[in-house]
Structures are given as C-alpha cells and as structure tokens.
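Given next are the chains, with one letter for each unit.
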Amino acid sequence: MTQEEKKQRVAEAALSHLPFDGVLGVGSGSTVDCLIQALGSVRGRLRGVVAASLNSERRLCALGIEVLELNQVDRLPLYIDGADEANPHKHLLKGGGGAMVREKILAEAADRFLCILDDGKLVEALALRRPLPVEVLPLARGLAARRFTGWGLRPEWRRDFLSDNGHPILDLHGCAGRSLLELEERLNRLPGVVGHGLFVSCPADLLLVAGSRGVREVA
Ligand code: 5RP
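Rules of the game
Residues numbered from 1 in each chain as written. Predicted model: local features only at pLDDT ≥ 70, side-chain atom pairs only at ≥ 80, totals over all residues. Heavy atoms only, no water. Pairing = 2+ DSSP bridges. Helix = DSSP H or I, 4+ residues; strand = E, 2+ residues; numbered from the N terminus. Phe/Tyr/Trp six-rings, centres within 6.5 Å; stacked < 30°, edge-to-face > 60°. Buried < 20%, exposed > 50% of the residue type's maximum accessible area, 1.4 Å probe, protein only. Lys NZ or Arg CZ within 6 Å of the ring centre and 35° of its normal. Axes fitted to C-alpha atoms, helices over the stretch in contact; angles between N-to-C directions. Parallel < 35°, antiparallel > 145°, perpendicular 65-115°, else oblique. Left-handed = near helix turned anticlockwise from the far one by under 90°. Contact = heavy atoms within 4.5 Å. Nonpolar A, V, L, I, M, F, W, Y, C, P; charged D, E, K, R; others polar. Salt bridge = Lys/Arg side-chain N within 4 Å of Asp/Glu carboxyl O.

Colleague: Any chance you could explain the sheet that holds strand β6 (residues 92-93) here in plain terms?
Modeller: Two orientations exist for strands paired in a sheet by backbone hydrogen bonds: parallel and antiparallel. An order of β5-β6-β12 is seen for the three strands of this open sheet, with the pairing classed as antiparallel. Here the strands that pair on one side only, and so sit at the sheet edges, are β5 (85-86) and β12 (198-199). Alignment of β5 against β6, held across two bridges, turns out to be antiparallel. Residue pairing in the sheet places A86 in a bridge with L92 of β6.

Written out as structure tokens, the structure is:
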C-alpha cells in the first residue's frame, strides 16, 4: 500500500471519532487534506470547523464547510491533525509545513487531540531523522540562531518561507540524543521564540496509525 493510500485510510478512519453536532478543530498537511476531503461527505454532522492553517481553511471553504474562528468557539471537543513523527508515548514532532504554532493552540484548546499518521512516521526517538522547526519573530532570528548554536544545535533558516503568522522559521538540526523535555522548556523560555514543533509536554491523546494491514489505535 502506498503512503497516499495510507493517508486516505487513516483520514476515513478518523471520521468515526467526529463529535456529533460539535465544532471540530483540524490541523494542516497532506494527511489533513485527505481528512478535509472526507469531511465533505459528513458535513451535516458538524456545527463548524476551526482550521489551523490558511490552506486548510481554503479547502474547507471550497467544500462549503463552515469555518469558525477559535475566538468564536466556547468548546472544541476534538482536534485532528497529522505529524511528521510520533513516538510510543504519543509525543510528536510537527511543523514540516510550518503551521505548528496555530496547531499547538488548537491542540491546547481541544478536549481531545487525535493524531492521524502512517506507520512510516512512528519512531522510537523523535528528531533523529528530521530537524525541529522553530518559529521566531523576525527581529529575533539572528539572536535565536546564535543561542541555538551555543546550545550545540545547527539552525537552518527556512528561506523564502513565512508562517501564516508572517514569521520566519529556523529548522534545528542536531537535536537527537537530547532531553526533548528540557529542550522544549528552553525554547519556551527564549524571548523571540513564538513556538516550535515539539509536542512532548502536550502529547496527542490518541494516535490512529495506518499500516498495510489496516488502521490501528495507539492509546
Ligand atoms: C504542519 C504539520 C503537519 O501535521 C505535518 O507536517 C504532517 O504533514 P503531512 O500529513 O503532509 O505529512 O505539522 O505544520
């Protein structure tokens, strides 16, 4: 089974978790694009959707699904998003698409966070194979890069890219083998860092993982 087919399968499997007549939060990325497509057939079951990215918002609007702002919503029963990597503790590495700041806000706002992914993204240790994306305020880009280098990491500026918030992203290489909880805390404390793609202190509640033999849950 191809990775595309796995994305379709896991997106369809996620439909059975939808709240009835509630508001759904959706993240971004190609797996979430499959979910959004699938939502078209069940839109009557939803009161509306809050989207974590402008791309997701556009796709939802094109299907005639009502898009709400987070500030209009008192309660978000469920948030569904993809990830670049997940470990057995349901800790995630996100931000390949640069939308992790809004994604983390929606994950925090939701009662439950369901992460949908294919089995190629399951890892024992996060950030061994991929860099950690960090969104920074434009004026803090140089300062942040120097601090990260001082911490023994290798920041790489994602050129020609701004997040939906209008901010640059530094991809941090060399995070492997570190305490990710400690790194998360350090990043959270550094002035100028808007957010980052480590979801260690805020893991998913449930993973839906698509493999060649079907979709399984990691609770
Ligand atoms: C975007 C994300 C995405 O969830 C992550 O990159 C996974 O994307 P895809 O489903 O395309 O593999 O964190 O910021």
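Colleague: Which parts of the structure should I look at to understand the packing of aromatic side chains?
Modeller: The relation between two aromatic rings is expressed through the spacing of the ring centres and the mutual angle of the planes. Taken as a whole and assessed by the stated rule, the structure comprises three aromatic pairs. Summarising the aromatic geometry, the rings of Y79 and F113 are spaced 5.2 Å apart at their centres and angled 45° between planes, so their arrangement reads as tilted. Highlighted residues: Y79 in strand β4 (residues 76-81) and F113 in strand β7 (residues 110-118), separated in sequence by 34 residues. The two residues Y79 and F113 agree in class, both being buried. Among the aromatic side chains, those forming a connected cluster through ring pairs are Y79, F113 and F199. In this structure, K104 is placed above the aromatic ring of F199, and the distance from its NZ or CZ to the ring centre is 4.8 Å. Residue placement shows R141 over the ring face of W157; its charged tip is 3.6 Å from the ring centre.

Colleague: Whenever I open this one, the packing of helix α1 (residues 3-14) against helix α2 (residues 30-39) confuses me. Can you help?
Modeller: Geometry of a packed helix pair, given as the angle between the helix axes and the separation of the axes. In contact at an axis separation of 8 Å, α1 and α2 are set at 50° when each is read in the N-to-C sense. Of the possible angle classes, the one that applies to α1 and α2 is oblique. As for how α1 packs across α2, the hand of that crossing is right-handed. Facing K7, Q8, V10, A11 and A14 of α1, the residues of α2 in contact are S30, T31, C34 and L35. Looking at the contact of α1 with α2 residue by residue, the class counts come to five nonpolar, three polar and one charged.

Colleague: It is not clear to me how the pattern of salt bridges should be interpreted in this structure. Could you clarify?
Modeller: Oppositely charged side chains can pair when the atoms bearing their charge come close. Under the criterion given, the structure shown has eight salt bridges. Measuring nitrogen to oxygen at the nearest pair gives 2.9 Å for the salt bridge that ties D171 to R158. Of this pair, D171 sits in strand β10 (residues 169-173) while R158 is found in the loop between β9 (154-157) and β10, placing the two residues 13 residues apart along the sequence. The pair formed by D171 and R158 is uniform in burial state, with each residue classed as buried. Shared partners join several salt bridges into a network, and the residues in it are D81, K94 and E103.

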